[in-house]
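Understanding the architecture of this molecule
Spelled out from the first residue to the last, the chains are:
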Amino acid sequence: MSYWNSALPKSPLPSKAVQQLLNLAEGERSYTGIGKDAVSLKPHSIKTGYADVVSVTPHSIKTGYADAVSVTPHSIKTGYAAFGEEVKLERDLTTFFQGKDLQDSGKTVTLRFLKLTSNKATLLPRQVTQSIPFSSSKFPEILTYFGVNPKSAAAERMKRTIKDCEAPAIKGEEKYCATSLESLIDFTVSKLGKNVQVYATEAENKNEKKQEYSIDITGVLSLGDRSVVCHKENYVYGVFYCHKFYGTTTRAYMVPLVGVDGVTKAKALAVCHIDTTAWNPKHLAFQVLKIKPGNTIPVCHFLDTTSLLWVPI
């Protein structure tokens, strides 16, 4: 916690879930989530709006928008790009929803929340990661360093993570891949200042099963229109893909969810994009919601349990 306390002296301590994601637990000094076994080999999925809510097979991905869509065996980060017609969604799972749904007492969503341990990779100190290559040009050297088979699934996912990090930002976005807690905090401070609070989606998900939830509209909390979102990537140690969008075209919320079983509960982060006029008309969100680009219907999505949302306070 020493760097956290020095860099963010007036920021509140994060929740246990956030501390686990950032390896902040007191006395935790054994970096066990390092190496090829730390690379998540969960079933392939698409992060539509950065929530693990869609299943896909490698051969079903046909985007036709190579310059706009980042395609990986584990995930697709949509940004403002379009998916092609043949992306296969897992049936009945909620991908995108409209902003008005957060005020609809009868609205239900179907989600699958993964456990925090679904991605075991651990953040390393900056002094360590600075001595380890992190680039496509040094990829063979990286595989040798960590003893990863070049033909393995882990190697493929590591390669995609590096390429995603090296890809240029989309229009209106500032992005950065943090390979240490120090660099993650420094990026956030540079965009939001030192007085910040960080949130994560927290769910009771003992078996990671798909479930229908109702939105408790009385408890929906607006977190503002300035934020940095960081998504944990697949790699041999902790790497977070962080980004911030310019202006006030996004708004973040904490959304309480109650399972239809009456027992399971979750506090899910949601991000709503207020202005989609610059988005590709063939973006997956418009296909799902059956709407067109514009600034009258906010397009929203949930964040998964391994993503972080930072906001100024």
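The rules behind each value
- Residues numbered from 1 in each chain as written.
- Predicted model: local features only at pLDDT ≥ 70, side-chain atom pairs only at ≥ 80, totals over all residues.
- Heavy atoms only, no water.
- Disulfide = S-S within 2.5 Å.
- Helix = DSSP H or I, 4+ residues; strand = E, 2+ residues; numbered from the N terminus.
- Buried < 20%, exposed > 50% of the residue type's maximum accessible area, 1.4 Å probe, protein only.
- Pairing = 2+ DSSP bridges.
- Axes fitted to C-alpha atoms, helices over the stretch in contact; angles between N-to-C directions.
- Contact = heavy atoms within 4.5 Å.
- Salt bridge = Lys/Arg side-chain N within 4 Å of Asp/Glu carboxyl O.
- Polar contact = N/O pair within 3.5 Å; in protein donor to acceptor, adjacent residues only side chain to side chain.
- 1 Å grid on protein atoms, 1.4 Å probe; cavity = no way out; pocket = protein on both sides within 12 Å on 5 of 7 lines; lining within 4 Å.
- Points joined across faces, edges and corners; volume = space filled by probe spheres on them.

With that out of the way, let us pick up the state of the cysteines. In a disulfide, the sulfur atoms of two cysteines are held together by a covalent bond. Counted according to the given criterion, the structure contains three disulfides. There is a disulfide in this structure between Cys 165 and Cys 177, and the S-S distance comes to 2.0 Å. Here the disulfide of Cys 165 and Cys 177 is left-handed, its torsion about the S-S bond being about -85 degrees. Taken as a pair, Cys 165 in helix H5 (residues 153-166) and Cys 177 in strand E7 (residues 173-178) lie far apart in primary sequence, 12 residues in all. Cys 177 carries the same exposure label as Cys 165, and that label is buried. Between the sulfur atoms of Cys 230 and its disulfide partner Cys 242 the distance amounts to 2.1 Å. Across the S-S bond of Cys 230 and Cys 242 the torsion is about 110 degrees, and the bridge reads as right-handed. Placement of Cys 230 in strand E12 (residues 228-232) and of Cys 242 in strand E13 (residues 240-245) is noted, with a sequence separation of 12 residues between them. For the pair shown, Cys 230 and Cys 242 are each scored as buried. Each bonded cysteine in the protein gets a number by its place in the sequence, and the pairs come out as 1-2, 3-4, 5-6.

With respect to topology, five strands assemble into an open sheet ordered E7-E13-E12-E17-E8, the strand pairing being antiparallel. Either end of the sheet is taken by a strand with one partner, and the two such strands are E7 and strand E8 (196-199). Averaged over all pairs of adjacent strands, the angle between strand axes in this sheet comes to 20 degrees, irrespective of strand direction. Relative to strand E17 (residues 307-312), E12 is paired through four bridges, and the arrangement is antiparallel. Residue pairing in the sheet places Val 229 in a bridge with Leu 309 of E17. Of the strands in this sheet, E7, E8, E12, E13 and E17 are in contact with helix H6 (residues 181-192), which crosses E7 at around 160 degrees.

Considering all chains together, one arrives at five salt bridges under this definition. The partner of Asp 225 in a salt bridge is Arg 251, with the nearest N and O atoms 3.7 Å apart. With Asp 225 in the loop between strand E11 (221-224) and E12 and Arg 251 in strand E14 (residues 250-259), this pair connects stretches of sequence that are 26 residues apart. Looking at Asp 225, the relative accessible area reads 25%, which means it is partly exposed.

This part is about the environment of Ser 137. Relative to the elements of secondary structure, Ser 137 occurs in the loop between helix H3 (126-129) and helix H4 (139-146). In this structure the side chain of Ser 137 is engaged in a polar contact, spanning 3.1 Å, whose partner is the side chain of Ser 135.

As a further point, take empty space enclosed by the protein. Summed over all chains, the structure comprises four cavities of 30 Å³ or more. Along its surface, the second largest cavity is lined by 14 residues, and Ser 227, Val 229, Phe 245, Thr 250 and Val 271 are the ones closest to its centre. Elements with a minimum of two residues in the lining of the second largest cavity: E13 and strand E15 (265-273).

Now for the side chain of Thr 264. Along the chain, the position of Thr 264 falls in the loop between E14 and E15. Side-chain polar atoms of Thr 264 contact the side chain of Asp 261, separated by 2.8 Å. Sequence-distant contacts of Thr 264, that is, excluding residues within four places in its chain, are made with Glu 204, Gln 211, Tyr 213, Leu 257, Val 258 and Gly 259.

Okay, unusual backbone geometry next. In the Ramachandran plot, Lys 290 falls in the positive-phi region, its phi being about 60 degrees despite a non-glycine side chain. Looking at where Lys 290 falls in the secondary structure, it is placed in the loop between helix H7 (284-289) and strand E16 (299-302).

With respect to burial, E15 is a largely interior element, seven of its nine residues being buried. With two bridges connecting them, strand E9 (residues 202-203) and E15 associate as antiparallel partners. Each bridged residue has a counterpart across the sheet, and for Ala 203 the counterpart in E15 is Ala 266. Taken together, E14 and the strand that follows it, E15, pair antiparallel across an intervening segment of five residues, in which Gly 262 is found at a positive phi of about 80 degrees. The pairing of E15 with E16 spans four bridges and is antiparallel. Bridge pairing in E16 links Val 271 to His 301.

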